[in-house]
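So you can see what is in the structure, the chains are spelled out below.
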Amino acid sequence: MKIRAGYDIAFQCFQETPMVLMLSVHPSRAPDLRSEHRISLSGGIASRDYLDMFGNVCTRLVAPPGVIEIRNDFVIADSGRPDEVAPAARQWAIDALPDDVLVYLMGSRYCDTQRLSELAWSLFGGVAEGWPRVQAICDYVHDRIEFGYHHARCDRTASEGHAEQIGVCRDFAHLAVTLCRCMNIPARYCTGYLGDIGVPRDPAPMDFSAWFEAFLDGRWFTFDARHNHPRIGRVVIARGRDAADVAISTAFGITQLARFAVTTDEVTDENRKAQEAA
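Definitions and cut-offs
- Residues numbered from 1 in each chain as written.
- Predicted model: local features only at pLDDT ≥ 70, side-chain atom pairs only at ≥ 80, totals over all residues.
- Heavy atoms only, no water.
- Axes fitted to C-alpha atoms, helices over the stretch in contact; angles between N-to-C directions.
- Helix = DSSP H or I, 4+ residues; strand = E, 2+ residues; numbered from the N terminus.
- Left-handed = near helix turned anticlockwise from the far one by under 90°.
- Contact = heavy atoms within 4.5 Å.
- Polar contact = N/O pair within 3.5 Å; in protein donor to acceptor, adjacent residues only side chain to side chain.
- Buried < 20%, exposed > 50% of the residue type's maximum accessible area, 1.4 Å probe, protein only.
- Expected span 1.5 Å × (residues − 1).
- Phe/Tyr/Trp six-rings, centres within 6.5 Å; stacked < 30°, edge-to-face > 60°.
- Pairing = 2+ DSSP bridges.

Undergrad: Help me understand the packing of helix H2 (residues 131-144) against helix H4 (residues 169-182) in this model?
TA: Two measures define how a pair of helices packs: the angle their axes make with one another and the distance between the axes. Running from amino to carboxyl end, H2 crosses H4 at an angle of 140°, the nearest separation of the two axes being 10 Å. Our pair here, H2 against H4, has a crossing hand that is right-handed. For the pair H2 and H4, contact is made by Val134, Ile137, Tyr140, Val141 and His142 and by Phe172, Leu175, Ala176, Leu179 and Cys180, respectively.

Undergrad: What is the right way to read the environment of Leu102 from this model?
TA: Tracing the backbone shows Leu102 in the loop between strand S6 (66-77) and helix H1 (113-124). Considered as a pair, Leu102 and Trp92 are 10 residues apart in the sequence and their alpha carbons are 12 Å apart. Residue contacts for Leu102: discarding those within four places in its chain leaves Ile94 and Leu97.

Undergrad: Got a minute to help me understand the side chain of Gln91 in this structure?
TA: Within the secondary structure, Gln91 sits in the loop between S6 and H1. Reaching out from Gln91, the side chain makes a polar contact with the backbone nitrogen of Gly130 at a distance of 3.5 Å. A polar contact is formed between the side chain of Gln91 and the backbone oxygen of Met183, at a distance of 3.1 Å. Sequence-distant contacts of Gln91, defined by excluding residues within four places in its chain, comprise Glu129, Gly130, Arg133, Met183, Asn184, Ile185 and Leu216.

Undergrad: Any chance you could explain unusual backbone geometry here in plain terms?
TA: Note: most peptide bonds trans; most residues except glycine with negative phi. Backbone geometry places Asn184, a non-glycine residue, at a positive phi of 65°. Looking at Asn184, the relative accessible area reads 28%, which means it is partly exposed. Positive phi outside glycine occurs at Asn228, with the angle close to 60°. Along the chain, Asn228 turns up in the loop between strand S11 (219-223) and strand S12 (235-240).

Undergrad: It is not clear to me how H2 should be interpreted in this structure. Could you clarify?
TA: It helps to recall that an α-helix has 3.6 residues per turn; residues three or four apart then point in one direction. In this model H2 runs 20 Å from its N-terminal to its C-terminal C-alpha over 14 residues, within 8% of the 20 Å that 1.5 Å per residue would give. Within H2, burial applies to Trp131, Arg133, Val134, Ala136, Ile137, Cys138 and Val141.

Undergrad: How do you make sense of the environment of Thr17 when you look at a structure like this?
TA: Relative to the assigned elements, Thr17 resides in strand S2 (residues 17-21). Taking C-alpha positions, Thr17 is 44 Å from Ala136, a pair spaced 119 residues apart along the chain. Those residues in contact with Thr17 that sit more than four places away from it in its chain are Leu61, Val62, Ala63, Ala251, Phe252, Gly253, Ile254 and Thr255. Within polar-contact distance, the side chain of Thr17 engages the backbone oxygen of Gln15 at 2.7 Å.

Undergrad: What is the right way to read the packing of aromatic side chains from this model?
TA: A ring pair, where both rings are aromatic, is described by two values, the distance of the centres and the angle of the planes. Under the criterion given, the structure shown has 14 aromatic pairs. Aromatic side chains Phe147 and Tyr149 sit 5.1 Å apart centroid to centroid with 80° between the ring planes, which places their arrangement in the edge-to-face category. Its relative accessible area of 25% is what places Phe147 among the partly exposed residues. Overall, the relative accessible area of 37% leaves Tyr149 in the partly exposed class. Taken together, the aromatic side chains of Tyr7, Phe74, Tyr193, Phe208 and Phe260 make up a single cluster linked through ring pairs.

Undergrad: Whenever I open this one, the pairing of strand S5 (residues 57-63) confuses me. Can you help?
TA: Looking down a regular strand, the side chains alternate between one sheet face and the other. Of all the 7 residues making up S5, 5 are buried; the element is thus mostly covered by neighbouring parts of the structure. Where S2 lies against S5, 5 bridges are found, and the strand directions are antiparallel. Each bridged residue has a counterpart across the sheet, and for Leu21 the counterpart in S5 is Thr59. Relative to S5, strand S4 (residues 47-51) is paired through 5 bridges, and the arrangement is antiparallel. Within S5, the position partnered with Asp49 by the bridge is Thr59. Hairpin connection of S4 to S5: 5 residues between the antiparallel strands, including Gly55 at a positive phi of 85°.

Undergrad: Mind showing me how you'd approach the environment of Gln135 here?
TA: With respect to the element layout, Gln135 can be found in helix H2. As for Gln135 and Asp83, which are separated by 52 residues in sequence, their C-alpha atoms are 13 Å apart. Within polar-contact distance, the side chain of Gln135 engages the side chain of Asn228 at 3.1 Å.

Undergrad: Is there a simple way to explain the sheet that holds strand S10 (residues 209-216) in this structure?
TA: Hydrogen bonds between backbone atoms are what pair the strands of a sheet, whose relative direction is either parallel or antiparallel. Ordered by their spatial adjacency, 4 strands build an open sheet running S11-S10-S9-S12, and the pairing between neighbours is antiparallel. Two strands lie at the open edges of the sheet, namely S11 and S12, each paired on one side alone. Strand after strand, the sheet turns through a mean of 35° between neighbouring axes, direction not considered. Alignment of S10 against S11, held across 5 bridges, turns out to be antiparallel. Among the inter-strand pairings, Glu213 is bridged to a residue of S11, identified as Thr222. Of the strands in this sheet, strand S9 (187-193) and S10 are in contact with H4, which crosses S9 at around 160°.

Okay, structure coming up:
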């Protein structure tokens, strides 16, 4: 299958403002691109890309005073298969983990493991290690937190999300990642596109989504505590320890979000004809 994705974002800048954007498709998905993938900046603003310590593509620029518009529109191929389910995937002992995986066992800005370790062991210590334990964590987080865009808060930690029992997709991911790490399961935060493919359409405006990956049987598996069932058509943008590592924009100065629209749709014969007619 093919997916058409992109965004139309604008910021109001009150002075010349250096910015870092994390809006490019992750390099692991670059071979799947079926059209040009280019971040378009208004006013001919210059930019350059670099790879961060986690292998994500970051875009540096200096925005002039006024409104900066950021757009992209591309087509990417996808297997069309739902997230893999591997109930027999095993949890590795800590001393067997690769060196570069160890960082995903440690606490981070929004994943405050020290506050939830005792709770995690009381809840999941009796659950079989590996996939069953990660799934039990997803079930718990899915039932614990009430989703709502009006619950969004940019500084909520995992322990605060657990206590408040409300949040958006990043809060589900942060809590699940934290509980996994408390149980010695490496887990990393992911952000990207997730359209309503193969599921009823959500009437809420489209947004970037957050999920997580757990390291089992020597590789990373996708989990999603918010939806808590395999989904089709994920397109990862970035991975990191938590949301602080993968912010879609970081401004070194005061800015205001002026417009935000995200598109993620399966390319079908019907919408292809509509696009051609337009």
